[in-house]
Amino acid sequence: MAEDEKITEACRLLEEAKNVVVFTGAGISAESGIPTFRGKDGMWEKYRAEDLATPYAFENDPKKVWEWYDWRRQKIQEGGPNPAHLTIAKMEKNFPNFSVITQNVDGLHRKAGSKNIIELHGNIWRVRCLEEQKIFEFLEVPLSEIPPKCKCGSLIRPDVVWFGEAMPQKEISQAFLLSEECDSMLVVGTSVLVQPAASLPFSAKTNGASIIEINLAATPVSSIANVSIFGKAGEILPEIFQRLEQCLSDGM
Ligand code: OAD
């Protein structure tokens, strides 16, 4: 199928849908200048996850871990939401039920204006005090002190899910429920390799949803997708939205 036909097909599937889930990964933020994890320029090519994104790494060297998070927070703030995030936020009003399930910790869906967001891997703008276990927003960027401390004097850590840690139970249950109930799922900018999040599109498909994939390259989801559109999310999503708005206003 040519790209234009694929976009037409994606719009047709979305027009039929009342419950829509958008499932996103690092690729959606790539055009904001935030590196993805895998692939040629991916962060896991340059850094070892074991040194930066595990409870052991933090215990061993909180300064090193926080330097990496401070750098990522600066990149996110500089980049801000891109046309892909902004389009998803605009799409919300076209459907009775519309949710975003993201593996990203950058908070850019919220910044773009999306309302129903499930963050499966936490949020880089939230921290947890190691002593009191309280969780709070922490927006200082760049950090004035590394590693930063809580008012109580104890270390704080980013409120994100590290390797070897459990996913937030409420979020993962909600994500599976939404995936089982949706009519259509857009899978955007994820390599669909990290479980349990990687099971969500398969769960949606098994329960009858159509799958529309947007990625630079094929992923494990491509084999079950109704349509896989290969290209940049920041270019393809606005095209789909423009076409969708046109169809809806024509009453087609
Ligand atoms: P990955 O880095 O594994 O995959 C990014 C995907 O985005 C790839 O499939 C790219 O082809 C695609 N991509 C890149 N640029 C794109 C663009 N402009 N438009 C569309 N697609 C693009 O990121 P995730 O799948 O999110 O977990 O990785 C999942 C988890 O693995 C992350 O949440 C993180 C990581 O280790 C934790 O930190 C727990």
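Residues numbered from 1 in each chain as written. Predicted model: local features only at pLDDT ≥ 70, side-chain atom pairs only at ≥ 80, totals over all residues. Heavy atoms only, no water.

**With respect to the overall build of the chain**
Link 1 in the chain: Scanning the chain for helices and strands turns up 10 helices and 9 strands.
Link 2 in the chain: Taken over C-alpha atoms, the radius of gyration comes to 19 Å for the chain, in line with the 18 Å a tight globule of 252 residues would show.
Link 3 in the chain: Over its C-alpha atoms, taken along the principal directions, the chain stretches across nearly 60 × 30 × 30 Å.
Link 4 in the chain: Within the chain, contacts between residues separated by at least 24 positions form 66% of all contacts whose residues are at least 6 apart in sequence.
Link 5 in the chain: In the structure as shown, the chain presents an accessible area of about 11,900 Å², 51% of it carried by carbon and sulfur atoms. (Helix = DSSP H or I, 4+ residues; strand = E, 2+ residues; numbered from the N terminus. Rg over C-alpha atoms; globule rule 2.2 N^0.38 Å. Contact = heavy atoms within 4.5 Å. Areas by Shrake-Rupley, 256 points an atom, 1.4 Å probe, with all protein chains shown as cover.)

**Side note on unusual backbone geometry**
Link 1 in the chain: Looking along the chain, the bond that leaves V141 and enters P142 is cis, with omega of -5 degrees.
Link 2 in the chain: Topologically, P142 is positioned in the loop between β5 (135–137) and β6 (156–160).
Link 3 in the chain: For the bond from Q195 to P196, the omega torsion is 0 degrees, close enough to zero to count as cis.
Link 4 in the chain: Considering the arrangement of structural elements, one finds P196 in the loop between β7 (184–188) and α9 (200–206).
Link 5 in the chain: At V192, a residue that is not glycine, the phi angle is positive and equals roughly 50 degrees.
Link 6 in the chain: For V192, the location among the structural elements is in the loop between β7 and α9.
Link 7 in the chain: The exposure class assigned to V192 is buried, which follows from its relative accessible area of 5%. (Buried < 20%, exposed > 50% of the residue type's maximum accessible area, 1.4 Å probe, protein only.)

**So, the sheet that holds strand β2 (residues 97–102)**
Link 1 in the chain: If you trace the 6 strands from one edge of the open sheet to the other, you get β3-β2-β1-β7-β8-β9, paired in parallel fashion. The two strands at the open ends of the sheet, each matched to only one other strand, are β3 (117–119) and β9 (227–230). Averaged over all adjacent pairs, the angle separating strand axes in this sheet is 15 degrees, with direction ignored.
Link 2 in the chain: In the sheet, strand β1 (residues 19–24) pairs with β7 via 5 bridges, with the strands oriented parallel. Residue pairing for β7: V22 is matched across the bridge by L186.
Link 3 in the chain: Lying on the sheet, helix α6 (residues 83–91) is in contact with β1, β2 and β7; it crosses β2 at an angle near 150 degrees.
Link 4 in the chain: Across the sheet, helix α10 (residues 233–250) lies against β7, β8 (210–215) and β9, angled at about 140 degrees from β8, the strand it touches most. (Pairing = 2+ DSSP bridges. Axes fitted to C-alpha atoms, helices over the stretch in contact; angles between N-to-C directions.)

**Comments concerning the domain arrangement of the chain**
Link 1 in the chain: When cut into domains, the chain gives domain 1 (1–32 + 81–121 + 167–252) and domain 2 (35–79 + 122–160).
Link 2 in the chain: Placing a centre on the C-alpha atoms of domain 1 and another on those of domain 2 gives a separation of 27 Å.
Link 3 in the chain: Taken together, the 16 residues of domain 1 in the interface contact 13 residues of domain 2.
Link 4 in the chain: Between domain 1 and domain 2 the total buried area reaches about 1,000 Å² when both faces are included, carbon and sulfur atoms providing 54% of it.
Link 5 in the chain: Scanning the region where domain 1 abuts domain 2 turns up 1 salt bridge. (Domains from an automatic or database assignment. Buried area = accessible area lost by both parts, 1.4 Å probe. Salt bridge = Lys/Arg side-chain N within 4 Å of Asp/Glu carboxyl O.)

**A short note on the site of the ligand**
Link 1 in the chain: The ligand sits among 22 residues. The nearest are F37, R38, T190, S191 and N215.
Link 2 in the chain: Note that an oxygen atom of the ligand is positioned 2.7 Å from one of the side-chain N or O atoms of T190.
Link 3 in the chain: Take A233: an N or O atom from its main chain is 2.9 Å from a nitrogen atom of the ligand.
Link 4 in the chain: Bound to the protein, the ligand loses 90% of the 800 Å² it would expose on its own.
Link 5 in the chain: Each residue belonging to the shell around the ligand can be placed in one class, and the counts come to 9 nonpolar, 10 polar and 3 charged.
Link 6 in the chain: Here the shell around the ligand spans two domains, and each of domain 1 (1–32 + 81–121 + 167–252) and domain 2 (35–79 + 122–160) adds at least three residues to it. (Near = heavy atom within 4 Å. Polar contact = N/O pair within 3.5 Å; in protein donor to acceptor, adjacent residues only side chain to side chain. Nonpolar A, V, L, I, M, F, W, Y, C, P; charged D, E, K, R; others polar.)

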